[in-house]
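# Remarks on the overall topology
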Amino acid sequence: MDGVTEIRRGTLQEQTFYEQVGGEETFRRLVHRFYEGVKDDPLLRPMYPEEDLGPAEERLALFLMQYWGGPTTYSDNRGHPRLRMRHVPFKVDRAAHDAWLKHMRDAVDDLGLSEEHEQTLWKYLTYAAASMINSPD
Ligand code: HEM
């Protein structure tokens with residue numbers, strides 16, 4: 001075993017981002033707060049096909065947990081994320097993007113993460129949201 005492997009296996013092994021920010025509870029709080037915003041949003045709410053937002057909340061929470069190094073339950077249930085493809089049925093234009101990010105911003109702020117964690121999470125969310133746009137204004 002070389003030195004690097006030894007270190008990786010030992011106590012110096014880094015925690016995943018998922019673990020660092022508090023694991024499942026943190027991601028569930030984030031996504032729950034996000035859907036509290038979606039629930040009353042006149043542009044976004046009609047886009048969600050199901051009456052009950054609970055299953056959508058579960059899918060987004062499991063996806064984000066998996067993305068950040070938590071359990072792979074999302075893909076175990078849903079397969080490869082292919083998020084752009086899964087958003088094709090919905091009109092994601094600039095206005096939808098802005099509304100989505102507004103509720104996410106409120107939800108991230110409520111978590112009270114360290115500045116470094118908050119920035120890492122926010123950078124990803126803004127990048128991912130921009131990449132989901134599939135309709136011109
Ligand atoms: C940019 C604006 C966005 C809009 C308007 C939007 C809207 C939607 C809608 C209407 C659904 C269907 C609800 C459901 O049945 O699950 C959905 C699903 C989903 N969205 Fe988004 N979304 C956006 C961005 C994002 C981003 C940035 C991510 C990831 C970081 C994301 C992750 C997901 C996931 C994981 C699902 C469930 C996919 C599945 O397994 O079927 N979305 N989104």
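The following refers to the structure shown. (Residues numbered from 1 in each chain as written. Predicted model: local features only at pLDDT ≥ 70, side-chain atom pairs only at ≥ 80, totals over all residues. Heavy atoms only, no water.)

## Considering the coordination of the iron atom of the ligand
Of all protein atoms, H87 (NE2) alone acts as a donor to the iron atom of the ligand, lying 2.0 Å away. Looking at the secondary structure, you find H87 in the loop between helix 6 (83–86) and helix 7 (94–111). (Donors = N, O, S within 2.8 Å, 3.2 Å for Na, K, Ca; no water. Helix = DSSP H or I, 4+ residues; strand = E, 2+ residues; numbered from the N terminus.)

## Comments concerning the packing of helix 3 (residues 24–39) against helix 7
Where helix 3 meets helix 7, the closest approach of the two axes is 8 Å, and the angle between their N-to-C directions is 140°. One way to sum up the angle between helix 3 and helix 7 is to call them oblique. The two elements helix 3 and helix 7 cross, and the hand of that crossing is right-handed. Seen from helix 3, the contacting residues are T26, R29, L30, R33, F34, G37 and V38; seen from helix 7, they are W100, H103, M104, D106, A107, V108, D110 and L111. Classifying every residue of the contact of helix 3 with helix 7 by side-chain character gives eight nonpolar, three polar and four charged. (Axes fitted to C-alpha atoms, helices over the stretch in contact; angles between N-to-C directions. Parallel < 35°, antiparallel > 145°, perpendicular 65-115°, else oblique. Left-handed = near helix turned anticlockwise from the far one by under 90°. Contact = heavy atoms within 4.5 Å. Nonpolar A, V, L, I, M, F, W, Y, C, P; charged D, E, K, R; others polar.)

## Comments concerning the nonpolar core
With 31 residues, the main nonpolar core has F27, L30, F34, Y35, Y48, L64 and L121 as its most contacted residues. For this core, the secondary structure elements donating two or more residues are helix 2 (17–20), helix 3, helix 4 (54–67), helix 7 and helix 8 (115–131). Ranked by residues supplied to this core, first place goes to helix 4 with seven residues. Here Y35 is in contact with Y48, L53, A56, E57 and L60, once residues within four sequence places are set aside. (Core = buried A, V, L, I, M, F, W, Y, C linked by side-chain atoms within 4.5 Å. Buried < 20%, exposed > 50% of the residue type's maximum accessible area, 1.4 Å probe, protein only.)

## Observations concerning the site of the ligand
Around the ligand sit 21 residues, and of these R59, Y74, R78, H87 and W100 come closest. Between an oxygen atom of the ligand and a side-chain N or O atom of R59, the distance comes to 2.8 Å. Given that more than half its atoms are within 2 Å of the pocket grid, the ligand belongs to the largest pocket. Among the elements that line the shell around the ligand, the one with the most residues is helix 4, at four residues. For the shell around the ligand, the per-class residue count stands at 16 nonpolar, two polar and three charged. (Near = heavy atom within 4 Å. Polar contact = N/O pair within 3.5 Å; in protein donor to acceptor, adjacent residues only side chain to side chain. 1 Å grid on protein atoms, 1.4 Å probe; cavity = no way out; pocket = protein on both sides within 12 Å on 5 of 7 lines; lining within 4 Å. Sits in = over half its atoms within 2 Å of the grid points.)

## Some points on the layout of surface pockets
Empty space within the largest pocket amounts to approximately 760 Å³. Lining the largest pocket are 28 residues, and of these Y35, Y48, L60, H87 and F90 lie nearest its centre. At five residues, helix 4 tops the list of elements feeding residues into the lining of the largest pocket. Looking at the lining of the largest pocket, its residues break down into 21 nonpolar, two polar and five charged. (Points joined across faces, edges and corners; volume = space filled by probe spheres on them.)

## Focus on unusual backbone geometry
At R82, a residue that is not glycine, the phi angle is positive and equals roughly 40°. Relative to the helices and strands, R82 resides in the loop between helix 5 (73–78) and helix 6.

## Regarding the environment of K91
For K91, the location among the structural elements is in the loop between helix 6 and helix 7. Among the residues examined, K91 registers a relative accessible area of 54% and is labelled exposed. The spacing of K91 and L101 is 10 residues in sequence and 15 Å in space, taken between C-alpha atoms.

Function-wise, these values are silent; they only describe arrangement.
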